[in-house]
Amino acid sequence: MFAEVIINSNARALNKVFDYIVPASLENTIQVGARVFVPFGKGEKLEDGFIINLKETSEFANKEIASVQEENSISEENIVLAKLMARKYFCNISDCIKLMLPPRTGGKKLENRAKEKTGNFVFLKRDKEEIDFLIETEKIKSDKHIRVLKFLEENDGVYKSDLELITDVSSSTIKTLEKNGHIEIIEKQIERNPFIHKNIEKDEPKVLNKEQKKCFDSIAFCIDNNEFSKHLIYGVTGSGKTEIYLQLIDRVIKNGKDAIVLVPEISLTPQMVNRFLARFGNIIAVLHSKLSIGERYDEWQKIAKGEAKIVIGARSAIFAPVKNLGIIIIDEEHDMSYKADSTPRYNAKDLAKYIAKQNNCPLVLGSATPEINTMYQAKNNEISLYTLTKRANNSSLPEVEIVDLRNELAEGNRSMLSFKLQKEIENNLKNKKQTILFLNRRGYSTFVMCRECGYVAKCKNCNISLTYHIRDNKLKCHYCGFETNNITECPNCKSKKVKYFGSGTQKLEDEIHKLYPEATTIRMDIDTVSKKNSHEEILDKFKNDNIDILIGTQMVVKGHHFPKVTLVGVVSADSSLNLDDYRAVEKTFQTLVQVAGRSGREESGKVIIQTYNPDHYAIIEAQKQDYDLFYNQEIDLRKMLNYPPFCDIMLIRFSGKNIEEIKKVSEIVYKKIKNINNENIYIFKPVPAPIDKIKNKYRWRIVIKCKITSKVLDIVNYAIQDEKIKKCKETSITVDINPNSMN
Ligand code: ADP
Ligand code: ZN
Ligand code: ZN
């Protein structure tokens, strides 16, 4: 017997199948999905890999499989899925298999910490980008150091003792890394699972209203009949979507099956999980990135052993090892976090469809502002649509006003806040109500320029201007983590007329302090959200300490319910409107509607949107909170411009230090695809990416507009596997289908 084995590596050259002889002693037990050690290469060094097929003949096999690691094998269905993903997302099969394996502990048993109260947790202190950069430029060289840092990149929050065990280093190695400022060690309360609190009051199912019942009945029918089907529940926040999910899951469990519920990472809060606990008790497993590796391991085991019947998690929970899947629910289905931005660049929504089909079960999507693509499918009867028009608690939508910033300038207002917004903030302060100010740019100023000669301070590694951070008086690159001292004199012409342009959250906070010295504020952006101060903790503090004003980026948009917030100010609605991205308008609309939803959840609320584009339909429909009107205009435009859902966008990115090679490689790929002359494919010439240099690597891209079919995948795979390209080792190629960002 022979086995086709793939090696566990992300090297492009190893993305192929190798044949091995199955020793007679293993013939009866070996299975597809088994994790094996095989001799590889000249030195016959043992490499680990997975069996993806078994067969009776082989022309190539000349070496035997060395051994099998029983505990780490995966199912045959998952091997099929991994193969499919590798082809569709242009990555190695082993990259996909990694998502399906239990959290990597190197086969080591983690300590039993059940009795301890606190433990030392290790976190990365620098950004992942920064660490990678230091390793690449050989500022960090030691194998041990690299091993620890790489492990921490994948696993946030690891017990120090576990880390030493898994990465096989001593306590002093960890200490050195701490001393060098790469990692930090924090003493933290130990909870076996931070989300599973005891003593939750039992919650009974509600009597569904007519709209809810119609939706429930139709999906429950599919559950009972093991029928694959797709459903979209479209209803504003508070219209009772979650109540429907809960009752559907109840039905699934009564039928002896399991459920997967995907939610955006940031809305995976204890409050949210508590609702499931209150209904179902402790048959829930939670998977998300803030769990320590030990906790993640525990949750994974609980699912694999069948103790947990409901998995709630972020994107990668779609790969949870549930035994008998009866439903997949994706809440806030429009959220960008369901699409991965790094290899493998999969879309959990697409995979959910495939997995639901394999398991003959329904897929349920829910949103107040469905993705344009999803709504389009619903309108074309590819997805069953249910609209919930009533809010369960009858609260009304906030009043939304638009302020034209062009008039402010004309009236001599140079502040970031319009007169109107200033007045409303004052009112709110007087009435002891809370305010949220939303601005999607962090730092103080977005760029620094010399007024004399036009010099702009740029990152030395990236073709991007540096952002001024006033708290530590530094200029920082938001792409690679590079930072340098602030400048007061132009390095080019020695002029002192160096000025700051573009305003970020730090500047907004300063302006608020100047205008309202008595107001208390709290800021939430990547710079304030750290390991010690989680997103969750900042929001709790805002709520419980009764802070007057919360200033934040995208992060303030989701989760949490703030009863005392009666004013939301969108400081600049335009920042995402003009991006080079076909979804820019859709994203802007969704964000505005969501931000507006933060105001007046109980009392009547106000929303003020400041913009330079008051006539833009995304802004006007957001003011009316009218998704349907927005959808109609957006879909017409997409059709006219032939954008998704009328086609797919494929982005082929080329990056590397050798710009001549990049040009050559991208030209080869372009010509190869172009020459195939498939009328379905519309390909644009290779050009530099909008940000054409990041971390000292040049970036080029090819954009393709087409319907993704298996033929198209073959053509692109064939083009990027060209022999001439394989010789160009300095250029890496990635392919992204309908990417979150065109950068
Ligand atoms: P959504 O998920 O759409 O935001 P929820 O399911 O969270 O909406 O419902 C909002 C609130 O209304 C919750 O407190 C929920 O318990 C309650 N609710 C939902 N459906 C009903 C119902 N049929 N009868 C009474 N209360 C309901
Ligand atoms: Zn100058
Ligand atoms: Zn940079």
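Residue numbering note: each chain is counted from 1, following its sequence as written. Each chain is given a letter, starting from A, and each ligand a number, starting from 1, according to the order in which they appear as written. Given that the model is predicted, a residue must reach a pLDDT of at least 70 before its local features are reported, and side-chain atom pairs must reach 80 or more before they are shown or counted; all residues, however, enter totals for whole chains, interfaces and linings. Excluding hydrogens and water, the side-chain figures rest on all heavy atoms present in the structure.

Q: In this structure, what is going on with the packing of aromatic side chains? I would like to understand it.
A: Each aromatic ring pair is specified by the distance between its two centres and by the angle formed by the two planes. Only the six-membered ring of Trp is used, alongside the rings of Phe and Tyr, when aromatic pairs are assigned; centres must lie within 6.5 Å, and planes under 30 degrees apart are stacked while those over 60 apart are edge-to-face, with the rest tilted. For the structure on display, the rule yields 16 aromatic pairs. Ring geometry for Tyr468 and Tyr500: centres 4.5 Å apart, planes at 10°, overall stacked. Remark: Tyr500 occurs in strand β22 (residues 498–503) and Tyr468 occurs in strand β19 (residues 467–469); sequence separation between them is 32 residues. Accessibility here uses a 1.4 Å probe with only protein chains present; expressed as a share of the type maximum, an area under 20% marks a residue as buried, one over 50% as exposed, and anything in between as partly exposed. Given a relative accessible area of 29%, Tyr500 falls into the partly exposed group. For the ring pair Phe589 and Tyr627, a centre distance of 6.3 Å and an interplane angle of 50° mean the geometry is tilted. With Phe589 in helix α17 (residues 584–596) and Tyr627 in helix α19 (residues 627–641), this pair connects stretches of sequence that are 38 residues apart. Secondary structure follows DSSP: runs of H or I at least 4 residues long count as helices, runs of E at least 2 residues long count as strands, and numbering of each begins at the N terminus.

Q: I tried to follow the packing of helix α8 (residues 241–254) against helix α9 (residues 270–280) on my own but got confused; where do I start?
A: For any two helices packed against each other, the geometry is given by the interaxial angle and the distance between the axes. Between N-to-C directions, angles span 0 to 180 degrees; the directions come from axes that are lines fitted to C-alpha atoms, helices contributing only their stretch in contact. Interaxial distance between α8 and α9 falls to 11 Å at its minimum, and their mutual angle equals 40°. Comparing their axes, α9 and α8 come out oblique. When the axes of α8 and α9 are compared, the crossing they make is right-handed. Here Thr242, Glu243, Leu246, Gln247, Ile249, Asp250 and Ile253 of α8 lie close against α9, whose contacting residues are Arg275, Phe276, Arg279 and Phe280. When an angle is under 35 degrees it counts as roughly parallel; over 145 it counts as roughly antiparallel; between 65 and 115 it counts as roughly perpendicular; any other value is oblique. Note on convention: the crossing is left-handed when the near helix lies turned anticlockwise from the far helix by less than a right angle, right-handed when the turn is clockwise. Any two residues having at least one pair of non-hydrogen atoms within 4.5 Å are treated as being in contact.

Q: Whenever I open this one, the environment of Cys215 confuses me. Can you help?
A: Take Cys215: it is sitting in helix α7 (residues 210–224). Taking C-alpha positions, Cys215 is 8.0 Å from Ile244, a pair spaced 29 residues apart along the chain. For Cys215, the contacting residues outside a window of four places in its chain are Ile233, Ile244 and Tyr386.

Q: I would appreciate a short explanation of the coordination of the zinc ion (ligand 3) in the present structure.
A: Reference values for coordination geometry: four tetrahedral donors around a metal ideally subtend 109.5 degrees, six octahedral donors ideally subtend 90 or 180 degrees. Listed donors are limited to N, O and S atoms within 2.8 Å of the metal, widened to 3.2 Å for Na, K and Ca; water is not among them, so incomplete-looking sites are possible. Summarising the metal site, the zinc ion (ligand 3) is bound by the protein donors Cys459 (SG), Cys462 (SG), Cys477 (SG) and Cys480 (SG), whose distances to it range over 2.2 to 2.4 Å. Four donors are marked tetrahedral only if all angles between them lie between 85 and 135 degrees, whereas four are marked square planar and six octahedral if opposite donors are more than 155 degrees apart and the other angles lie between 65 and 115; the remainder are marked irregular. Taken together, the four donor atoms surrounding the zinc ion (ligand 3) define angles of 102 to 115° at the centre, an arrangement classified as tetrahedral. For the zinc ion (ligand 3), the donor residues sit on a single chain with the sequence spacing C-x2-C-x14-C-x2-C. Taken as a pair, Cys462 in the loop between β18 (445–450) and β19 and Cys480 in the loop between β20 (474–476) and β21 (483–485) lie far apart in primary sequence, 18 residues in all. Across the pair, Cys480 and Cys462 agree in class, each one buried.

Q: Would you explain the site of ligand 1 in this entry?
A: To be near a molecule or strand, a residue needs just one of its heavy atoms within 4 Å of it. Surveying the vicinity of ligand 1 reveals 15 residues, the closest of which are Val207, Gln212, Gly238, Thr242 and Arg275. Two N or O atoms count as a polar contact when they lie within 3.5 Å, although within protein this holds only if one can serve as hydrogen donor and the other as acceptor, and sequence-adjacent residues are included solely when both atoms are side-chain atoms. Taking Gln212, its side chain carries an N or O atom lying 2.8 Å from a nitrogen atom of ligand 1. Arg275 places a side-chain nitrogen or oxygen 2.5 Å from an oxygen atom of ligand 1. In short, Shrake-Rupley with a 1.4 Å probe defines the accessible areas, and a residue's cover is counted only from the protein chains shown. With the chains in place, 72% of the 550 Å² that ligand 1 exposes on its own is no longer accessible.

Q: Looking at this model, I keep getting lost on the pairing of strand β11 (residues 284–287). Mind explaining?
A: On any regular strand, side chains alternate: one points to one face of the sheet, the next to the other face. With burial as the criterion, each face of β11 is covered, one bearing Ile284 and Val286 and the other bearing Ala285 and Leu287. Direction of pairing for β11 relative to strand β12 (residues 310–313): parallel, over a ladder of four bridges. Bridging from a neighbouring strand, Ile284 pairs with Ile310 of β12. Throughout, right-handed denotes a crossover for which the path from the first strand over the helix to the second runs clockwise when the strands point away from the viewer. A crossover connection joins β11 to the parallel β12 through helix α10 (residues 293–304); in handedness this β-α-β unit is right-handed. When DSSP finds two or more bridges between a pair of strands, those strands are recorded as paired.

Q: Mind showing me how you'd approach the nonpolar core here?
A: Most often, soluble globular proteins have nonpolar side chains that are buried together. One finds Met85, Ile97, Ile328 and Leu550 to be the most contacted residues of the largest nonpolar core, which totals 86 residues. Among the elements that line this core, the one with the most residues is α17, at six residues. If near-sequence neighbours (up to four positions away) are discounted, Leu550 is found in contact with Thr435, Ile436, Leu437, Ile522, Met524, Ile538, Leu539, Phe542 and Val556. As used in this record, nonpolar core signifies buried Ala, Val, Leu, Ile, Met, Phe, Trp, Tyr and Cys residues forming a set joined through side-chain atoms within 4.5 Å. Among the nonpolar cores identified, the runner-up in size contains 31 residues, and Leu208, Val273, Ile284 and Val364 belong to it.

Q: Looking at this structure, I do not really get unusual backbone geometry. What am I missing?
A: With an omega dihedral of -10°, the bond running from Thr343 to Pro344 counts as a cis peptide bond. Relative to the assigned elements, Pro344 resides in the loop between β13 (325–330) and α11 (348–358). Geometrically, the link from Pro644 to Pro645 is a cis peptide bond, its omega value of 5° lying close to zero. Counting through the fold element by element, Pro645 comes out in the loop between α19 and β27 (648–656). Its identity is not glycine, yet Phe90 carries a phi of approximately 55°, on the positive side. Within the element layout of this structure, Phe90 appears in the loop between α1 (76–88) and α2 (93–100). The residue Lys494 is not glycine, and still its phi comes out positive at about 65°. When you line up the elements, Lys494 lands in the loop between β21 and β22.

Q: Before we go on, may I ask you to explain the domain arrangement of the chain in this structure?
A: Domain boundaries shown here were taken from an automatic or database domain assignment. Under the domain assignment, the chain is made up of domain 1 (2–98), domain 2 (117–189), domain 3 (210–388), domain 4 (399–443 + 503–638), domain 5 (445–501) and domain 6 (648–737). Taken together, the contact between domain 4 and domain 5 spans nine residues of the former and nine residues of the latter. Reported buried area values correspond to the accessible surface (1.4 Å probe) lost by two parts on association, with both partners' losses combined. Buried surface at the junction of domain 4 and domain 5, both sides included, amounts to about 760 Å², of which 43% is carbon and sulfur. By definition, a salt bridge exists where a carboxyl oxygen of Asp or Glu is found within 4 Å of a side-chain nitrogen of Lys or Arg. Applying the counting criterion to the domain 4 and domain 5 interface returns two salt bridges. Where Arg471 meets Glu509, a salt bridge forms, and the shortest distance between an N and an O atom there is 2.8 Å. For the pair domain 4 and domain 5, the number of links is three residue pairs in polar contact (both at pLDDT 80 or more). When residues in the side of domain 4 that touches domain 5 are grouped by element, the largest group, three residues, is from helix α15 (residues 505–515).

Q: Quick question: what am I supposed to make of the packing of helix α20 (residues 659–676) against helix α21 (residues 710–720) here?
A: Where α20 contacts α21, the axes come no closer than 9 Å and their chain directions differ by 145°. Crossing geometry of α20 relative to α21 is assigned as right-handed. Taking contact as the criterion, the partners of Val669, Lys672, Ile673 and Ile676 in α20 are, on α21, Ile715, Val716, Tyr718, Ala719 and Ile720. In terms of residue class, the contact of α20 with α21 is made up of eight nonpolar, no polar and one charged. Gly is put with the polar residues, along with every residue not named as nonpolar or charged; the nonpolar set is Ala, Val, Leu, Ile, Met, Phe, Trp, Tyr, Cys and Pro, and the charged set is Asp, Glu, Lys and Arg.

Q: Would you mind showing me how to read the pattern of salt bridges here?
A: Pairing of side chains with opposite charge becomes possible as their charged atoms draw close. In total, this model carries 50 salt bridges according to the counting rule given. Here Arg87 makes a salt bridge to Asp714, at a shortest N to O gap of 2.9 Å. Linking Arg87 in helix α1 with Asp714 in helix α21, this pair joins segments that are 627 residues apart in sequence. In this structure Arg87 comes out as partly exposed when scored by relative accessible area, which is 33%. Using a relative accessible area of 39% as the deciding quantity, one classes Asp714 as partly exposed. Each of the salt bridges in this network shares a partner with another, and the network as a whole consists of Arg471, Glu509, Asp510, Arg523 and Asp525.

Q: Hey, could you run me through the side chain of Ser239 in this one?
A: Counting through the fold element by element, Ser239 comes out in the loop between β9 (229–235) and α8. On the accessibility criterion, Ser239 (2% relative accessible area) is buried.

Q: So what exactly am I meant to see when it comes to helix α16 (residues 535–544) here?
A: In an α-helix, one turn spans 3.6 residues, which is why side chains three or four residues apart end up on the same side. Where α16 is concerned, the buried positions are His535, Glu536, Ile538, Leu539 and Phe542. Viewed along the axis of α16, the buried residues span an arc of 165°, placing them on a single side of the element. Contact partners of the buried residues in α16: α9, β17 (434–438), β23 (521–524), β24 (549–552) and β25 (565–570). Once α16 ends, the next one or two residues include Asn546, with phi positive near 55°. Picture the helix axis, draw a direction to every C-beta atom, and the arc is the one those directions span.

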